[in-house]
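An overview of the molecular structure
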Amino acid sequence: MKILYTAEASVQGGREGEARSSDGNLAVKLSVPKEMGGPGGEGTNPEQLFAAGYAACFQSALMLTARRQKVDASASTVTAKAGIGPKGEGGFGLEVELHVFIPDVDQETGERLVEMAHQVCPYSNATRGNIPVRLYFEEQPLAIS
């Protein structure tokens, strides 16, 4: 594989610290969510960052595959839900749900495009066989709660 770009980020303080990219474009405070026994607060967390990255990458893959099929997916919405929890054999694991909405696209076409994007997306390729990833084609954009 020929590497086209390498992202670099450093964290100090773990889940209660700060994350910064080498180019300075990303600088975020991290905090442990209340659901995981932390204080919550204004910081983000690794799962939110993973969900945002996966959703952005998947939407780009979706737009690419849709364009190849002569479908306009430029107004699509991809919502990723990244869950974390204890694994039965110790440690923690992740799971992901991807909810995809494409205006004016029927269910059958939408599901086919979502599956095609799942084969192209680098995040999907990285997680395949490692964590559960569930795909959903939605008739309306998923509201973020």
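Presented here is an overview of the structure given in this document. (Residues numbered from 1 in each chain as written. Predicted model: local features only at pLDDT ≥ 70, side-chain atom pairs only at ≥ 80, totals over all residues. Heavy atoms only, no water.)

Our focus in this paragraph is the nonpolar core. In globular proteins that are soluble, nonpolar side chains generally tend to be buried together. By size, the foremost hydrophobic cluster in this structure holds 22 residues, and its most contacted members are Phe58, Leu62, Val78, Leu98, Val100 and Ile102. Mapped by element, the contributors of at least two residues to this core are α1 (46-68), β4 (77-86), β5 (92-101) and α2 (107-120). Per element, the largest residue contribution to this core is eight residues, and it comes from α1. (Core = buried A, V, L, I, M, F, W, Y, C linked by side-chain atoms within 4.5 Å. Buried < 20%, exposed > 50% of the residue type's maximum accessible area, 1.4 Å probe, protein only. Helix = DSSP H or I, 4+ residues; strand = E, 2+ residues; numbered from the N terminus.)

Here the distance between the centres and the angle between the planes together describe a pair of aromatic rings. Per the counting criterion, the structure on display carries four aromatic pairs. With 5.9 Å between their ring centres and 75° between their planes, phenylalanine 50 and tyrosine 54 make a pair best called edge-to-face. Taken as a pair, phenylalanine 50 and tyrosine 54 lie in helix α1 at a separation of four residues, close to a single helical turn. Taking relative accessible area as the criterion, phenylalanine 50 reaches 24% and is therefore assigned partly exposed. An angle of 35° between the planes, with centres 5.3 Å apart, marks the rings of tyrosine 54 and tyrosine 123 as tilted. Placement of the pair is tyrosine 54 in helix α1 and tyrosine 123 in helix α3 (residues 122-127), with a sequence separation of 69 residues. Among the residues examined, tyrosine 123 registers a relative accessible area of 29% and is labelled partly exposed. (Phe/Tyr/Trp six-rings, centres within 6.5 Å; stacked < 30°, edge-to-face > 60°.)

Now for the sheet that holds strand β6 (residues 133-138). Ordered by their spatial adjacency, three strands build an open sheet running β4-β5-β6, and the pairing between neighbours is mixed. For this open sheet the edge positions go to β4 and β6, each flanked by a neighbour on one side alone. On average, adjacent strands in this sheet sit at an angle of 15° to one another, irrespective of strand direction. Where β4 lies against β5, ten bridges are found, and the strand directions are antiparallel. When the bridges of β5 are listed, alanine 80 appears paired with leucine 98. Here α1 sits on the sheet in contact with β4, β5 and β6, set at roughly 145° to β4. The sheet contacts of α2 involve β5 and β6, and relative to β6 the element is tilted by about 150°. (Pairing = 2+ DSSP bridges. Axes fitted to C-alpha atoms, helices over the stretch in contact; angles between N-to-C directions. Contact = heavy atoms within 4.5 Å.)

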